[in-house]
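So the chains spell out like this:
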Amino acid sequence: AQKVTQAQTEISVVEKEDVTLDCVYETRDTTYYLFWYKQPPSGELVFLIRRNSFDEQNEISGRYSWNFQKSTSSFNFTITASQVVDSAVYFCALSPDNYGQNFVFGPGTRLSVLP
Amino acid sequence: DTGVSQNPRHKITKRGQNVTFRCDPISEHNRLYWYRQTLGQGPEFLTYFQNEAQLEKSRLLSDRFSAERPKGSFSTLEIQRTEQGDSAMYLCASSSWRTSTDTQYFGPGTRLTVL
């Protein structure tokens, strides 16, 4: 069975602080994909990143960076110099095949960035 | 590209009534997905289409739920004899296997309230 854990239910930071959102996953598959999605107050899930299990290289995109460590089954997400517009619920997700019923989301972390 | 659209955005109904939601995927996306999201939780997979074929259905999808994608374009999700437990956000996503990432892009959702 697959499982995604996001232990941080809610995080509050002050604007310009860095913040890391944790994601720990469980799977028996040797090949799998990991994702992060953002859900702002408007409700629409916005795709942020997809990473496959063979690529442990960390990725940076502007103020966003992701740290994938297979040894600890973690795929953490860091926002540098947070902004109020970063306030949203962030979901980590896992899938062995990029689609289908085994596409499992974590419970989400609600990030509030205060001015 | 126009994104995934869903209609209606909000639906309030009385217990026992039938409701139908519509999802229009991104043009030429051949895969379409339905998810359900309850308050404070991540989306849960309901069903998945590739073109007009419904390939997977979650065990969460009771007999009261039915989904169709008759021409491989838009899809409908019908809930018969609604129950209060059906109150949730129903999300639609689409993707294309022709792209290298086959990333799922989500619509804004339909929020169902069953009184």
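Asks: Could you clarify how one ought to interpret the state of the cysteines in this entry?
Replies: Here a disulfide denotes one covalent bond, and it connects the sulfur atoms of two cysteines. Residue and element names in this part refer to chain A. For the coordinates displayed, the defined rule picks out 2 disulfides over all chains. Here Cys23 engages in a disulfide with Cys92; their sulfurs sit 2.0 Å apart. Negative torsions about the S-S bond denote left-handed disulfides, and the value of about -65° found for Cys23 with Cys92 makes this one left-handed. Linking Cys23 in the loop between strand E3 (19-21) and strand E4 (24-26) with Cys92 in strand E10 (residues 88-95), this pair joins segments that are 69 residues apart in sequence. Grouping residues by exposure puts Cys23 and Cys92 together as buried.

Asks: Got a minute to help me understand the interface of chain B and chain A in this structure?
Replies: Frequently, the measure chosen for interface size is the accessible area that the parts lose on association. At the junction of the two partners, chain B supplies 23 residues and chain A supplies 17 residues. Both faces considered, chain B and chain A share a buried interface measuring about 1,700 Å² in area, 51% of it formed by carbon and sulfur atoms. In this structure, the connection of chain B to chain A is made through 0 salt bridges. Between the two partners, chain B and chain A, sit 2 residue pairs in polar contact (both at pLDDT 80 or more). For the side of chain B that touches chain A, the secondary structure elements donating two or more residues are strand E4 (31-37), strand E5 (44-50) and strand E6 (53-57) of chain B.

Asks: Is there a simple way to explain the layout of surface pockets in this structure?
Replies: Unoccupied space between atoms shows up once a probe the size of one water molecule is rolled over them. Considering only enclosed or pocket space, the largest pocket measures out at about 520 Å³ in volume. Lining the largest pocket are 25 residues, and of these Gln39(A), Val89(A), Arg110(A), Gln37(B) and Gly40(B) sit closest to its centre. Of all the elements in the fold, those that place two or more residues in the lining of the largest pocket are E10 and strand E12 (109-114) of chain A. Per-element accounting of the lining of the largest pocket gives the leading share, 4 residues, to E12(A). Residue composition of the lining of the largest pocket, grouped by class: 9 nonpolar, 13 polar and 3 charged.

Asks: I'm lost on unusual backbone geometry in this one. Help?
Replies: Peptide bonds are mostly trans, and most non-glycine residues show a negative phi. The linkage connecting Asn7(B) with the following residue, Pro8(B), adopts the cis geometry, with an omega of -10°. Of note, Pro8(B) is situated in the loop between strand E1 (5-7) and strand E2 (10-13). Phi angles above zero are rare outside glycine, and Ser73(A) is one such case at about 50°. Mapped onto the fold, Ser73(A) is located in the loop between strand E8 (64-69) and strand E9 (74-79). At Asn51(B), a residue that is not glycine, the phi angle is positive and equals roughly 55°. Note that Asn51(B) resides in the loop between E5 and E6. Classification of Asn51(B) by relative accessible area gives partly exposed; the value is 33%.

Thresholds applied
- Residues numbered from 1 in each chain as written.
- Chains lettered and ligands numbered in written order.
- Predicted model: local features only at pLDDT ≥ 70, side-chain atom pairs only at ≥ 80, totals over all residues.
- Heavy atoms only, no water.
- Disulfide = S-S within 2.5 Å.
- Helix = DSSP H or I, 4+ residues; strand = E, 2+ residues; numbered from the N terminus.
- Buried < 20%, exposed > 50% of the residue type's maximum accessible area, 1.4 Å probe, protein only.
- Contact = heavy atoms within 4.5 Å.
- Buried area = accessible area lost by both parts, 1.4 Å probe.
- Salt bridge = Lys/Arg side-chain N within 4 Å of Asp/Glu carboxyl O.
- Polar contact = N/O pair within 3.5 Å; in protein donor to acceptor, adjacent residues only side chain to side chain.
- 1 Å grid on protein atoms, 1.4 Å probe; cavity = no way out; pocket = protein on both sides within 12 Å on 5 of 7 lines; lining within 4 Å.
- Points joined across faces, edges and corners; volume = space filled by probe spheres on them.
- Nonpolar A, V, L, I, M, F, W, Y, C, P; charged D, E, K, R; others polar.

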